[in-house]
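# Structural overview
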Amino acid sequence: MAPTHIIVIAITAAVLTLAGCATSSPDRPRPQPSTARPCCKLDDAPTTRAAVVRSASRLVGAEAVEINGRRIVEDCAGVARAIYLEQGIDLYTGAGSETKMTGVRLIYAHMRTHGTVHHGPIPHPGDLVFFDNTWDQNGDGKLNDPLTHIGIVERIEPDGTVVFISRVSDAIERYRMNLSLPHVHKTAEGRILNDYLRRKRTADPEETGRLTGELFAFFGTRLTQ
């Protein structure tokens, strides 16, 4: 890989600020998944969802993303928004009058308006996957940080392991999550079931989860254009 791998996304709509998971925000109660609509009824055209997956897959390995000549904020929410923007869908719309929300919270608000958040059990390729407590966002040393990370589901493997694409540290990469075995990092054969998503810090509470399956909050399925 080149020292700086930049992927260019051409989007005709104007893009302003792409802030995401690392932005501070007021502490709030953990949002709950909606049960108003079934998780598996899809109103979006299959071609749109397939295009979202293709865009996400194309970004794997990229260290930066450019939209119309501007580098986006390089975090998980900014990357998710950029991928959907390529299909003409702005995941940051739908938050109403809220002005101090992180990118992940903006996307959550969008999904509550234009889709549904749910626990699966099986997501769809192109769905969003939300996580809690991936870092101590409010700095109080407690596990009370909802909606701190987001990714896009690429595929579901035969054993139920969800492969999703997200920006975590230095680049956009694939990660795995198996909700049937959320506390297992890898099998005896060495196959990864759950990637690490939170760094170990001495100040963390003893019960702190670090694996994707332990930090999973819910999936988001977009139902309307």
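Here goes a summary of the coordinates provided. The numbering scheme is per chain: residues are counted from 1 as the chain's sequence reads. Local features in a predicted model are, by the rule used here, given only for residues with pLDDT of at least 70; side-chain atom pairs are given and counted only at 80 or more, and totals for whole chains, interfaces and linings are based on all residues. No hydrogens and no water enter the side-chain calculation; it runs on all heavy atoms of the structure.

What follows concerns the packing of aromatic side chains. Classification of ring pairs uses Phe, Tyr and Trp, with its six-membered ring standing for Trp, and accepts pairs whose centres are within 6.5 Å; under 30 degrees between planes counts as stacked, over 60 as edge-to-face, and the remaining range as tilted. The tally for this structure, following the rule as stated, stands at six aromatic pairs. Relative to Phe218, the ring of Tyr108 has its centre 5.8 Å away and its plane inclined at 40°; by these criteria the two rings are tilted. You can see Tyr108 sitting in helix α3 (residues 103-114) and its partner Phe218 sitting in strand β9 (residues 216-222), a full 110 residues away along the chain. The same class applies to Tyr108 as to Phe218, namely buried. Summarising the aromatic geometry, the rings of Phe130 and Phe218 are spaced 5.4 Å apart at their centres and angled 50° between planes, so their arrangement reads as tilted. Within this pair, whereas Phe130 is found in strand β5 (residues 128-131), its partner Phe218 is found in strand β9, the two being separated by 88 residues in sequence. For Phe218, a relative accessible area of 0% gives the class buried. Under the DSSP-based scheme used, a helix requires at least four consecutive residues in state H or I and a strand at least two consecutive residues in state E, with every element numbered from the N terminus. Each residue is placed in one exposure class: buried if its accessible area under a 1.4 Å probe, protein chains only, is under 20% of its type's maximum, exposed if it is over 50%, and partly exposed if it falls in between.

Bringing the environment of Arg167 into the picture now. Along the chain, Arg167 falls in strand β7 (residues 162-167). Separated by 103 residues in sequence, Arg167 and Ala64 have C-alpha atoms that sit 9.8 Å apart. Excluding its chain neighbours within four sequence positions, the residues that come into contact with Arg167 are Ala62, Glu63, Ala64, Glu74, Asp75, Cys76, Val79, His149 and Ile172. Within the structure, the side chain of Arg167 is placed 3.0 Å from the backbone oxygen of Ser169, a separation counted as a polar contact. The contact criterion used throughout is that any non-hydrogen atoms of two residues lie within 4.5 Å. Contacts described as polar in this section are N or O atom pairs within 3.5 Å, which, within protein, must combine one atom able to donate a hydrogen with one able to accept it, while residues neighboring in sequence count only if both atoms come from side chains.

In this scheme, strands are said to pair when DSSP sees at least two bridges between them. Within the open sheet, the six strands sit side by side as β4-β9-β5-β6-β7-β8. Their pairing is antiparallel. Here the strands that pair on one side only, and so sit at the sheet edges, are β4 (115-118) and β8 (172-177). Each neighbouring strand pair of the sheet contributes to a mean axis angle of 35°, computed without reference to strand direction. The sheet contact formed by β5 and β9 spans four bridges and is antiparallel. Fitted lines through C-alpha atoms serve as axes, helices being fitted only where they are in contact, and the angles separating the N-to-C directions of these axes extend from 0 to 180 degrees.

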